[in-house]
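Read off the chains here:
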Amino acid sequence: MSNAARSLWRDETHARNQDQRRADWAQSFFTIRAETERRAAPLSPEDQVVQSMPDASPTKWHRAHTTWFFEQFLLVPKLPGYKVFDERFAYLFNSYYVSAGPRHARPMRGLVTRPNADEVTAYRDHVDQAVTRLIESCDAATFETIAPIIEIGLNHEQQHQELMLTDILHAFAQNPTSPAYDREWQPLRTRSGSGEFVEIPTGIAAVGQDGDGFCFDNEQPKHRVLIEGVRIARHLVTNREWLAFMADGGYSTPTLWLSDGWTMVEAEGWTAPGYWQERDGQWHSLTLAGLKPIDPDAPVCHVSYYEADAFARWAGKQLPSETEWETAARAGLIDDAFGAVWQWTRSAYLPYPGYRAVEGALGEYNGKFMVSQMVLRGSSLATPSGHSRVSYRNFFYPPARWQFSGLRLAERG
Ligand SMILES: [Fe+2]
């Protein structure tokens, strides 16, 4: 083949590859956007407007905010002639991007009754059509610049899909009738605890993502850590074990608790995990399927970092660090790493060595939250499929327990 022919062949192959990638992104965009609407579908317009606490957002807001994300970061800069759906929406539906302009106060999101749910649906349709048009019609060079924005926009939307469920569960928990999001919702069965601990091989381990597939910036750079003298529980802590902690005075023994944790126990009157209620001598929990008796073999859920830490102390154990967790998960040493409950670690949410946030507004995505929060690893029953990976770093403040959060233990020495 001559040089000219080889060059032509390469160009054609590249164009064909790009056509396929355009089709793949259009399909992913359609699928993930539809999943948001599927999760919202069981909820009435009244359900969708409620904000039960400042940390939880209304369903309607999640649907609009994820749409604004594509409008703000993709369509406005990349689609020539794009007309924003409504000039006022940037103020209403920007979350925390200071570089993207002023925004509505987070605790007030539940007071925004207009636009109504149908108008948000129209907003989503408007943006969906424009994104599809952009993917299909932009020139080759532009496509290479929009693909990474679509990718982070879709991963962002999947994060909000999980929050839609955690936030509506919190809203329903304020309702004395204990509504069900979906009566058919089934908790995932896990391999119930046997008390087995497995040794994580001592040595230098690599953690973090090295660029093979999508990751958020906080999962990089990949770097080395020392693992030494740690055994990790193969299983998640179960409700049965948590009931033993409660029966042994776990919530009334201040010496088990961090000082800030004990302050929360007293201030909030904690005597059991979030959403637990005692009815006729039997513990129940509000789930997405409504109020259900506690299953002793299911992993404990809706516990804060403070509770996880107190439980570990009561058990004579500790929590694993996030790098110990990742090393154990990479080695296949732990069961139910994904898809049941997020697992608290003892690690503060900090930048990895050499971390640098990306330039521009999207640099605000993760980096500016790296203080005062703790890392959770794995994923939960509410995490959308395809959104879990071994290097994923979730993070919440230590008192938070409206997420699907549980724990597994570790022991040292
Ligand atoms: Fe967001």
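Look up: the structure comes first, before these words.
Here the structure is a predicted model, which means the values were calculated and not measured.

Caption draft 1: Broad picture of the overall build of the chain. Helix and strand content of the chain: ten helices and twelve strands. Relative to a compact globule of 413 residues, whose C-alpha radius of gyration would be 22 Å, the chain shows 23 Å and is just as compact. Viewed in the frame of its principal axes, the chain has a C-alpha envelope of about 75 × 55 × 35 Å. Residues classed as buried in the chain amount to 53% of the 413 residues present. Within the chain, residue pairs in contact and separated by at least 24 positions form 79% of the contacts whose partners lie at least 6 positions apart.

Caption draft 2: Up close: the nonpolar core. Counting 92 residues, the largest nonpolar core has Trp 242, Trp 257 and Leu 407 as its most contacted members. At twelve residues, helix 6 (residues 140-173) tops the list of elements feeding residues into this core. Beyond its immediate stretch of four places on either side in the chain, Leu 407 contacts Leu 236, Val 237, Trp 242, Val 300, Val 303, Ala 308, Phe 311, Leu 319, Trp 342, Gln 343 and Trp 344. Core analysis: the second largest hydrophobic core is formed by 16 residues, Ile 200, Val 225, Val 230 and Ala 410 among them.

Caption draft 3: Quick peek at the side chain of Glu 307. Note on placement: Glu 307 falls in helix 9 (residues 305-314). Apart from residues no more than four positions distant in its own chain, Glu 307 is found in contact with Trp 242, Tyr 251, Trp 257, Trp 270, Ala 272, Pro 273, His 302 and Arg 401.

Caption draft 4: Helix 6, seen in detail. The end-to-end C-alpha distance of helix 6, which contains 34 residues, comes to 50 Å, matching closely the 50 Å that a straight helix rising 1.5 Å per residue would cover. Burial runs high along helix 6: 24 of the 34 residues are buried. Sitting at the head of helix 6, Asp 139 places a side-chain oxygen 3.2 Å from the backbone nitrogen of Ala 141.

Caption draft 5: Expanded view of the sheet that holds strand 6 (residues 282-287). Here three strands make up an open sheet; going across it, the order is 5-6-7 and the pairing antiparallel. Each end of this open sheet is capped by a strand with a single partner; those strands are strand 5 (276-279) and strand 7 (290-293). Averaged over all pairs of adjacent strands, the angle between their axes in this sheet comes to 35°, without regard to strand direction. Bridge count for strand 5 against strand 6 is four bridges, and the pairing is antiparallel. Counted as the bridge partner of Glu 278 is Trp 283 from strand 6.

Caption draft 6: Region of interest: the coordination of the iron ion. Bound to the iron ion on the protein side are His 65 (NE2), His 156 (NE2) and His 160 (NE2), at distances that span 2.1 to 2.2 Å. Of note, the iron ion draws all its donor residues from one chain, in the sequence arrangement H-x90-H-x3-H. Of the two residues, His 65 is situated in helix 3 (residues 59-78) and His 160 in helix 6; the sequence distance between them amounts to 95 residues. You can call His 160 buried: its relative accessible area is 10%.

Caption draft 7: Representation of the sheet that holds strand 9 (residues 374-377) in the model. One open sheet holds the four strands; their spatial order is 10-9-8-11, and the pairing between them is mixed. Both outer strands of the open sheet, strand 10 (394-396) and strand 11 (405-406), are each paired with one neighbouring strand and no more. By the bridge criterion, two bridges tie strand 8 (residues 342-348) to strand 11 in an arrangement that is parallel. Note that in strand 11 the partner of Gln 343 across the bridge is Gly 406.

Caption draft 8: The packing of aromatic side chains, seen in detail. Counted according to the given criterion, the structure contains 32 aromatic pairs. On the numbers, 5.1 Å between centres and 80° between planes, the contact of Phe 214 with Phe 216 is edge-to-face. With 4.8 Å between their ring centres and 10° between their planes, Trp 242 and Phe 311 make a pair best called stacked. Of this pair, Trp 242 sits in helix 7 (residues 239-247) while Phe 311 is found in helix 9, placing the two residues 69 residues apart along the sequence.

Caption draft 9: Representation of the environment of Ala 41 within the structure. Relative to the assigned elements, Ala 41 resides in the loop between helix 1 (3-40) and helix 2 (45-49). Between the C-alpha atom of Ala 41 and that of Glu 196, which follows or precedes it by 155 residues, the distance is 42 Å.

Caption draft 10: Summary view of the pairing of strand 4 (residues 230-233). Bridging between strand 1 (residues 197-200) and strand 4 involves four bridges; their strand directions are antiparallel. By the bridge assignment, Val 198 is partnered in strand 4 with Ile 232. Of the pairings in the sheet, the one linking strand 4 to strand 12 (residues 410-412) comprises three bridges and is antiparallel in character. Looking at strand 12, one finds that Ile 232 is bridged to Ala 410.

Caption draft 11: Fine view of the pattern of salt bridges. Counted under the stated rule, the structure contains 23 salt bridges. In this structure, Glu 322 and Arg 377 form a salt bridge, with 2.9 Å as the shortest nitrogen-oxygen distance. A residue pair is termed long-range when its members are at least 10 positions apart, and Glu 322 in helix 10 (residues 322-330) and Arg 377 in strand 9 qualify at 55 residues. On the accessibility criterion, Glu 322 (5% relative accessible area) is buried. A salt bridge links Lys 368 to Glu 364; its shortest N-O distance comes to 2.6 Å. For Lys 368, a relative accessible area of 38% gives the class partly exposed. Classification of Glu 364 as buried rests on a relative accessible area of 9%. Within this structure, Arg 33, Glu 37, Arg 63, Arg 124, Asp 128 and Glu 157 form a network of salt bridges that share partners.

Caption draft 12: Quick look at the packing of helix 5 (residues 117-137) against helix 6. Two elements in contact, helix 5 and helix 6, have axes separated by 11 Å at closest approach and are oriented at 145°. The chirality of how helix 5 crosses helix 6 is left-handed. The residues of helix 6 that touch helix 5, namely those facing Arg 124, Leu 134 and Ile 135, are Phe 143, Ile 146, Ile 150 and Glu 157.

So, how was this worked out
Residues numbered from 1 in each chain as written. Predicted model: local features only at pLDDT ≥ 70, side-chain atom pairs only at ≥ 80, totals over all residues. Heavy atoms only, no water. Helix = DSSP H or I, 4+ residues; strand = E, 2+ residues; numbered from the N terminus. Rg over C-alpha atoms; globule rule 2.2 N^0.38 Å. Buried < 20%, exposed > 50% of the residue type's maximum accessible area, 1.4 Å probe, protein only. Contact = heavy atoms within 4.5 Å. Core = buried A, V, L, I, M, F, W, Y, C linked by side-chain atoms within 4.5 Å. Expected span 1.5 Å × (residues − 1). Polar contact = N/O pair within 3.5 Å; in protein donor to acceptor, adjacent residues only side chain to side chain. Pairing = 2+ DSSP bridges. Axes fitted to C-alpha atoms, helices over the stretch in contact; angles between N-to-C directions. Donors = N, O, S within 2.8 Å, 3.2 Å for Na, K, Ca; no water. Phe/Tyr/Trp six-rings, centres within 6.5 Å; stacked < 30°, edge-to-face > 60°. Salt bridge = Lys/Arg side-chain N within 4 Å of Asp/Glu carboxyl O. Left-handed = near helix turned anticlockwise from the far one by under 90°.

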